[in-house]
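Coordinate inspection notes
Each chain, letter by letter, is given below.
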Amino acid sequence: MEPDVSIETSSMIRIAVLPVGEIHLHLFRKYAGMLGRHHKIELSTITDFYKADQKSPFSQQPWESGSLRFKFIVGGSPPSPWEDFQSNRKIHGVIGICHCPSSPDLGSVAEQFAMACKGYSSSVVQRCFVFSPGDTQLADRNNNKNKLVLFPPADQRTQEIHLQTMMQEIAASLLMEFEKWVLRPESGGIILKTPLDSQASLSSEEVIKAKKRRLGRAQKTTGDYCLLAGSPVDANAHYSTALELARLTGDYFWYAGAMEGGVCALLMDKAVHRDPAIEEEVKYRYNSVIVHYRKSFIQDNAQRVSPLSFELEATLKLARFLCRRELAKEVVDLLTAAADGAKSLIDASDRLILYIEIARLYGTLGYHRKAAFFSRQVAQLYLQQENSLAAISAMQVLALTTKAYRVQSRASIPKDTGSCIGDNGKMNHELVVSLFESQWSTLQMVVLKEILLSAVRAGDPLAAWSAAARLLRSYYPLITPSGQNGLATALNNSAERLPSGTHCPDPALPFVRLHSFPLHPSQMDIIKRTPGRPDWWAGSAPSGPFIYTPFTKGDQTTTTKQDLVWVVGEPVQVLVELANPCGFDLLVNSIYLSVHSGNFDSFPITVTLPPNSSKVITLSGIPTKTGPVSIPGCIVHCFGVVTEHFFKDVDNLLLGAQQGLVISDPFRCCGSGNGKVKNTNVPSITVVPSLPLLVSRTVGGDGAVILYEGEIREVWISIANAGTVAVEQAHVSLSGKNQESVISIGSEALESALPLKPGAEVTIPVTLKAWQLGLADLDGSRPMKDSSSPMLLIHYAGPTENHREPPATTGLLPPGRRLVTPLNICVLQGLSFVKARLLSMEIPAHVGQISDNSTHTDRLVKMDPYRGSWGLRFLELELSNPTDVVFEVGVSVNLENVDQNSSEFDYPKTRIDRDYTARVLIPLEHFKLPILDGSFLVTNSKSNKKAEVNASIKDLISKIKVRWVSGRNSSGELHIKDATQAALQTSVMDVLLPDPLTFSFRLVDQVDQGQGRVLAHEMTPMEVMVRNNTKDLISMSLSITCRDVAGENCIEGTNSAVLWSGALSGMKVDVPPLEEIKHAFSLYFLVPGEYTLLAAAVIDDPNEILRARARSSSPDEPIFCRGPPYHVRKKLDKTEHVVMRNYS
Amino acid sequence: MASTACFMIISKNDIPIYEAEVGSAPKKEEAAHQHQFILHAALDVVQDLAWTTSAMFLKSIDRFNDLVVSVYVTAVTHTRLMLLHDSRNDDGIKSFFQEVHELYIKILLNPLYLPGSRVTSSHFDTKVRALARKYL
C-alpha cells in the first residue's frame, strides 16, 4: 500500500528527487521544497520545449486547459512490483540535487548521479540540478551532456523562474517520452504481469489465459499513460476498451484497475467537484471497483500476495473523495470497512499505512477521537518494531493524539486559550465541567505511559520528562507509591540527559498555590496622599457623618481585588503553599516567583517536602521598576528541569475538586486547607517609586516600659530614615487605647528636623503617664495585652513630585507612609487607693489678741492659736502598697488663687512600706469661700447649682496632688479624683461655704500685761467679734456662755464660778453685710482653771440663703449660729493659771 | 452472557461518569484500556448519529475488529450509555439499556447528585452488573 493515495494519484507522474554529492540535509530539503511548488505544469506553458517528431498518439490532448502533474518522491523509492499494473507507480523521472559549494567536482557529481539513476530503470528523464555553482563550474561547458543543470546564484525570484523553466522542460521531455512509449510497436505485445499472477510454473492453460488477457491489459496501460500525459479523453477511450476486454477474459483485477483509471479520467475531464451527479457516478463506479478487487482474490496465492491492499486503497480513495462533514456517515462506513481489512493484511507496513490513512481521513472529517484512536494504533505498530526510529515516529504520532485525549503538553496549547477562563472567580458550572472534560483517566494514563515509553526508547529526554511530569501531576492518586517512585526516577533519569537549566512547559510537582500576600508591616504602611490637603492621610478615611455608609460599602464589593502597592527597592514577600501528594521526598531545588512584567527580582529558595505533605513558604523579591507587577505563578526547578507553575491552574484544579470533578485535591490530601478552598486572587500590584522609610526605635531598648500606675516618665524615641528619599512632611498623632496616658510628644523635634535626609536620625521625647489599671487587668491571670498601649502614628511623605521623573505623573502624588510605633507600656499595680474620708475636727484656740499679720500663709494650715480653727476639715486618704517596693507619698496643694505667685505646699512625705497601708491627711480649710453667696444656695435653679458645685469640687480637687516617689527614678501621681469627689460630694457645702457668722473672742488690750494672760480674781475685759459673711444685714440675738472643764455652765446656775459685767445674753445686734461688730464684756473668774467661751446667736428673720445654709426644713425654725469654743486659761497670780481646755 | 462487554456512561460533557467491565471473559488490564479507547473514539460517531434519528437506542454504530459499539442516548440530559460487546443480541442489549436508564434516572433524582459528576453508588454498580448478567 502507499500512503496518501487519492483518485488523482493515477494521473501523477512520479519523479524521484535524490541528493547528489555532499549536501546538507537542511539544504536538500530546501531545494526539494522549491521543487514541490512545481507539482503541476500547465500544458500550455511547455509548448516551447515540445517537439512533435511524429503524430501524437494523444489525439484529444487538451493543450489549452490540461496539465501534467508531478509527484516528487523525495529520497526515491524502491521499484514497486505493481508497476506494470498501475503505470503511475513507475518512477518516470529522476532529479538529482547537488549543492555546488559542498561538492565542487562536477565530474564526480555527474558520475554519482548516473550511478543513482541506475536504480531507477523505469526513469526516462534524468536531470541533476546543481545549485550555487562557482564561476569555474559555470565556465565548464561539458555539463549539458552530463545532464547537469546549473542554477547560477541569484535571488530567490530569479531562481524560482529558472527552476520553473527547467521543470517545464522536464515536463515536455516526459510528455515526448510517453508519446514514444505509446507509439512503441511492441507496447501492445509485452506480457504485463502482476505479482498476483502465478509466477512459478506457467501451465499451458495459464499461458493461454495470459495471452488472452494481454490485449486488455495493454489497453489499460496505454490508458494509464494517457492519464499521465494529461489527456483524459484518450485515457477514457483506452480504458473503455480495456474494460470490455478484461470483462471478457474474466480478468477482474485489471478490470477494477481500468475502472479506477476511468474514474480518474472522468474527474480530470470534468474537473468539477461537488457535482452531485458526478459524485454519484464516482461512488457507483468505485463501489464496483472495490467489489471487483475483492472478486480478484485468489485462494492459491493468498499467503503470498493479495489484492486486498488495492481494495483498501480504493476504499481510502473513495473515502478521501467523499471526505466531507455532510457525508460523514458514508465515510465512516468506508473507513470502518477499511479498518476491518487491517486484520487480513499480510504486510505490517501496509497495516501501518492503512491506519495512518484512516487516522488522517478521520482527522479531516473532524472526528478527532477516531483519529486519535487510529493514531494510537499506528503508534502501537511502531512500538512493536523496537527500534529508535520507529520509537521517534511512535512518539510523534502519540503527540498528535494528546489533544483528543486532553493530555497535551502545555507547549502545544496556543497561548490565548487559557486566558478566556478564570480571570474572574465566577465560573459557571458548565465551564467548570468542561475544564475537566479530561476524565478519561484510564486512557489518558495509558497514552502518557506510551509517550513516556516511546520517548525513552527514542532517546528524547525532554519528551520523556514532560510525559512523566504530566502523568505524575495529573494522575498521582491513581498511581501506586511504587509507581510514583518509578516516575520520579524516570524524571530524574531524563533530567540527567538534559542540559542543566532546561525549560519544560509542563509542570511536575509540587502543586503551588497562592496562599496570601502579607500586608505591609505597620512600620511600612503606605497611605494614599490626598493632594491639596495638609492632612493628606485623612483623605482615605470615609467621610460623612455615619460610621457605616452604604455607598462606600458598595465600592468595596465591586472592587473585589484589593490593591497592593510595592515600593521600588524594598523587599516584599508572598506566601505560597506547596503540596507534595506523592509518596516520596520531593526536593525542590529552587522556587521563585515568576514575574512576566520584568520589573521584579525574585529570590529563589530550596524546599524539601516530605511525602504527603504541604508547606507554606515565603517567597520574596524586590521590585526594580515602577509599573504594574503580575505574578501568574512560580518558576520551579525540580527533578532537574525548570518549569513554570501557574496559580490559575491549581485554582481551577481546586475548584474542580470542590465540584467533585477532579480525582483529588492535592492540598487536602496533604492535610492542608481544612477542607475549605481558599481562593486567593492575585491582587493588582503596582510598584511606585522609592519612598522614604522611617524606622523607629525606643532609646534604651525596645522592650516595654514598665511603669507603676500613675507613674510619669519620659521616653525617647529615635526615628531614622532608612529609605533613599528624604522625608519632607511628617505629622505625629496618637491612636489606640489609653491615649491620655501620653502627656506630651515632642513632635516639634521631628518637625524641626525636616526634611529628614536618608540616613538621618531624630529623637523625639514622649512623656508617658501610666494609666490606672482596670479591674480586669488586676487579676493577674491574663497576660497584659499589647493592644492596651497607645500607638504613635507618624504620617510622613517624601517630596510631592519626584524630580527625576517626567512631569507626566504630576496628577498622581507619590503616596505617603505611616509609621506606627506602639508605645509599649506595661503598667504595674502601684500604690493603691483604698478609700477617702472627710474628717472634721475642732482644734482649740486661745482667747487672745488676733495678730493681723498672720494673713500670709506659708503652710497649708496655719494654726493660729488665737484665732482658732473652726470646723477644720481633713480629707483622709487611705493608701495601701501591695507592691514590693517602698513608696513615699507627698501631698501638695496648688494655691494659686490665694496668692499671685502660685505657690505649692509640700508636706513631709509619708513613707509607705511594702504591704502596708497608710493614711494621708489633706486639710481643706483654705478652700472656704470668703463670702456666703446666694449663688450656691438658690434653690430654684437646681441643675445650675449642681453644676456649680461640681465645678468647684473639681476645682478643689485639681488643686490637690498626691505625688509619690519610689526608688530612684520612679515617680508619679495618684489618681484620686474620683475617690475624693465621692468623699466630698455629701459635705461639699460645709467644706466650701463659710458660716454666715464668724465668732471670735479676744482680750481687750491691756498695757502692762502680756497677751493671753488672764488672772483669777481680776476683771478681764473681753470682746466678742461677730462677722457677717453674707451680703445681707443680719439681726440676731447674741449670747455668750462660759463653761468649766466639767462642761457646767459657770455663768448661770447655783455655783457660778464666774462673775461678769456687761451683757452676756439676749443682746439684740445687727451686723451689716460683710462687716464685723464687737461686743465688749468682762469676766471675773473666781477659780483658776480652764474655761470655755462660746458665742451663739439666734438669727432673726433669716433669709433664704441662711435657711438653705442651715439646712432648716421649716421656715419658722429659728436659725441658730454657734461659734467655735474658745479656751481661757485662768491663771493665778504668778503661779496660778487659768487653764482652759476644750473638750468639744 | 457475552464474553466481552464494557459498559460506560458518558455525560453530556463527554466525561465518563460510570464504567464497568461486564464481560465474562477473564479481565485483562490491557483489554480494558482498549475497550475504553474504542468507546472513546465511538463518541465521534455518536455525536453525529444521535441527531439523525429519534430513536434512543442506536445499535451497532461503530465497530473495531470484532467488537461492536451500541449506544443508548437519553433524551433530556444527552447522557450516553455505551456498550462495547461482541455478541449480537440486540434485544437483550436494548432491554439492558432501558433498565440501566431507569437506574440512572433514580441516581439523577438524588438531590445530592450533581448532574455530570461521577456515579459512585455501589448499589447502582451492583444493579448494573446484575442486569448485564441477565440480558447480555
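What counts and how
Residues numbered from 1 in each chain as written. Chains lettered and ligands numbered in written order. Predicted model: local features only at pLDDT ≥ 70, side-chain atom pairs only at ≥ 80, totals over all residues. Heavy atoms only, no water. UniProt positions renumbered as here; feature names shortened; annotations may be inferred. Helix = DSSP H or I, 4+ residues; strand = E, 2+ residues; numbered from the N terminus. Buried < 20%, exposed > 50% of the residue type's maximum accessible area, 1.4 Å probe, protein only. Contact = heavy atoms within 4.5 Å. Areas by Shrake-Rupley, 256 points an atom, 1.4 Å probe, with all protein chains shown as cover. Pairing = 2+ DSSP bridges. Axes fitted to C-alpha atoms, helices over the stretch in contact; angles between N-to-C directions. Expected span 1.5 Å × (residues − 1). Polar contact = N/O pair within 3.5 Å; in protein donor to acceptor, adjacent residues only side chain to side chain. Buried area = accessible area lost by both parts, 1.4 Å probe. Salt bridge = Lys/Arg side-chain N within 4 Å of Asp/Glu carboxyl O. Nonpolar A, V, L, I, M, F, W, Y, C, P; charged D, E, K, R; others polar. Phe/Tyr/Trp six-rings, centres within 6.5 Å; stacked < 30°, edge-to-face > 60°. Lys NZ or Arg CZ within 6 Å of the ring centre and 35° of its normal.

Taking an unreviewed UniProt entry as the reference, chain B is identified by name as Trafficking protein particle complex subunit belonging to Lactuca sativa.

UniProt's Subcellular location (unreviewed entry) comment on chain A is quoted here verbatim: "Golgi apparatus".

1. Some remarks on the overall build of chain B
Of the regular secondary structure elements, chain B holds three helices and five strands. Reading the helices (α) and strands (β) of chain B from amino to carboxyl end gives β-β-α-β-β-β-α-α. Taking all 136 residues of chain B together, the buried fraction comes to 57%. Across chain B, contacts joining residues at least 24 apart in sequence account for 55% of those joining residues at least 6 apart. Entry remark: accessible area of chain B is about 6200 Å², with carbon and sulfur atoms responsible for 53%.

2. Observations concerning the pairing of strand S40 (residues 1019-1028) of chain A
Residues and elements named next belong to chain A. Counting buried residues along S40, seven of its ten residues qualify, which places the element largely inside the surrounding structure. As judged from the seven bridges shared by strand S38 (residues 997-1003) and S40, these two strands associate in the antiparallel manner. If you follow Arg1002 over to S40, its bridge partner there is Glu1023. Pairing between S40 and strand S44 (residues 1076-1085): nine bridges, direction antiparallel. The partner of Pro1021 across the bridge, within S44, is Ser1082.

3. Here's the deal with unusual backbone geometry
All names here are of chain B. Backbone geometry places Ser60, a non-glycine residue, at a positive phi of 45°. Here Ser60 lies in strand S3 (residues 57-64). Here the phi dihedral of Asn65 falls at roughly 50°; this positive angle occurs in a residue that is not glycine. Tracing the backbone through its elements, the reader meets Asn65 in the loop between S3 and strand S4 (67-73).

4. What about the sheet that holds strand S6 (residues 148-151) of chain A?
Each strand in a sheet pairs with its neighbour through backbone hydrogen bonds, running either in the same direction (parallel) or in the opposite one (antiparallel). All names here are of chain A. Sheet architecture is open: six strands sit in the order S2-S3-S1-S4-S5-S6, paired in mixed fashion. Each edge of the sheet is formed by a strand with only one pairing partner; in this case those strands are strand S2 (40-42) and S6. In this sheet, neighbouring strand axes are inclined to one another by 30° on average, regardless of whether the strands run parallel or antiparallel. Pairing geometry for strand S4 (residues 91-99) and strand S5 (residues 125-131), over seven bridges, is parallel. Its bridge partner lying in S5, Ile95 is registered against Arg127. This element, helix H1 (residues 25-36), spans strand S1 (12-20), strand S3 (67-74), S4 and S5 of the sheet and lies at about 135° to S4. The sheet contacts of helix H2 (residues 106-118) involve S1, S4, S5 and S6, and relative to S5 the element is tilted by about 145°.

5. Examining helix H6 (residues 232-249) of chain A
Spanning 18 residues, H6 of chain A covers 25 Å between terminal C-alpha atoms, matching the ideal 26 Å at 1.5 Å per step. Residue Gly250 of chain A follows H6 of chain A closely and has a positive phi angle near 70°.

6. Side note on the side chain of Gln484 of chain A
Residues and elements named next belong to chain A. With respect to the helices, strands and loops of the structure, Gln484 is situated in helix H17 (residues 481-496). The exposure class assigned to Gln484 is buried, which follows from its relative accessible area of 5%. Of the polar contacts made by the side chain of Gln484, one reaches the backbone oxygen of Ile479; its length is 3.3 Å. Ignoring any residue separated from it by four or fewer positions in sequence, one finds Gln484 in contact with Leu472, Tyr476, Ile479, Cys582, Gly583 and Phe584.

7. A word on the interface of chain B and chain A
Counting residues at the interface gives 31 residues for chain B and 33 residues for chain A. Per-residue buried area on chain B facing chain A is highest for Phe37, His40 and Asp44 of chain B; these three make up 24% of the total on that side. Among the ionic pairs, Asp62 of chain B bridges to Lys370 of chain A, the shortest N-O distance being 2.1 Å. On the surface where chain B and chain A come into contact, there are eight residue pairs in polar contact (both at pLDDT 80 or more). When residues in the side of chain B that touches chain A are grouped by element, the largest group, 14 residues, is from helix H1 (residues 29-49) of chain B. Of the residues assigned to the side of chain B that touches chain A, the class counts are 14 nonpolar, nine polar and eight charged.

8. What about the packing of aromatic side chains?
Counted by the stated rule, this structure contains 29 aromatic pairs over all chains. Geometrically, the ring pair formed by Phe85 of chain A and Tyr293 of chain A is edge-to-face, given 6.5 Å between the ring centres and 75° between the ring planes. Placement of Phe85 of chain A in the loop between S3 and S4 and of Tyr293 of chain A in helix H8 (residues 276-295) is noted, with a sequence separation of 208 residues between them. Here Phe85 of chain A matches Tyr293 of chain A in class, with each residue buried. Just above the ring of Phe85 of chain A sits the side chain of Lys220 of chain A; from NZ or CZ to the centre is 4.6 Å. Over the ring of Phe37 of chain B we find Arg376 of chain A; its NZ or CZ atom is 3.7 Å from the centre of that ring.

9. A word on the sheet that holds strand S19 (residues 685-688) of chain A
Residues and elements named next belong to chain A. Read from one edge to the other, the open sheet built from three strands follows the order S10-S19-S16, with strand pairing classed as mixed. In this open sheet, the two edge strands, each paired with only one partner strand, are strand S10 (564-567) and strand S16 (627-629). Across the sheet, the mean angle separating the axes of adjacent strands is 35° when strand polarity is ignored. Direction of pairing for S16 relative to S19: antiparallel, over a ladder of three bridges. Looking at the pairing, Pro628 lines up with Thr686 of S19.

10. Focus on the pattern of salt bridges
Residue and element names in this part refer to chain A. Summed over the entire model, instances satisfying the criterion amount to 20 salt bridges over all chains. Note that Lys220 is salt-bridged to Asp224, the shortest N-O span being 3.0 Å. With a gap of four residues between them, Lys220 and Asp224 both fall in helix H5 (residues 204-228), about one helical turn apart. Accessibility assignment for this pair places Lys220 and Asp224 in one class, buried. Here Glu330 and Lys283 are joined by a salt bridge, their closest N and O atoms 2.7 Å apart. You can see Glu330 sitting in helix H10 (residues 328-341) and its partner Lys283 sitting in helix H8, a full 47 residues away along the chain.

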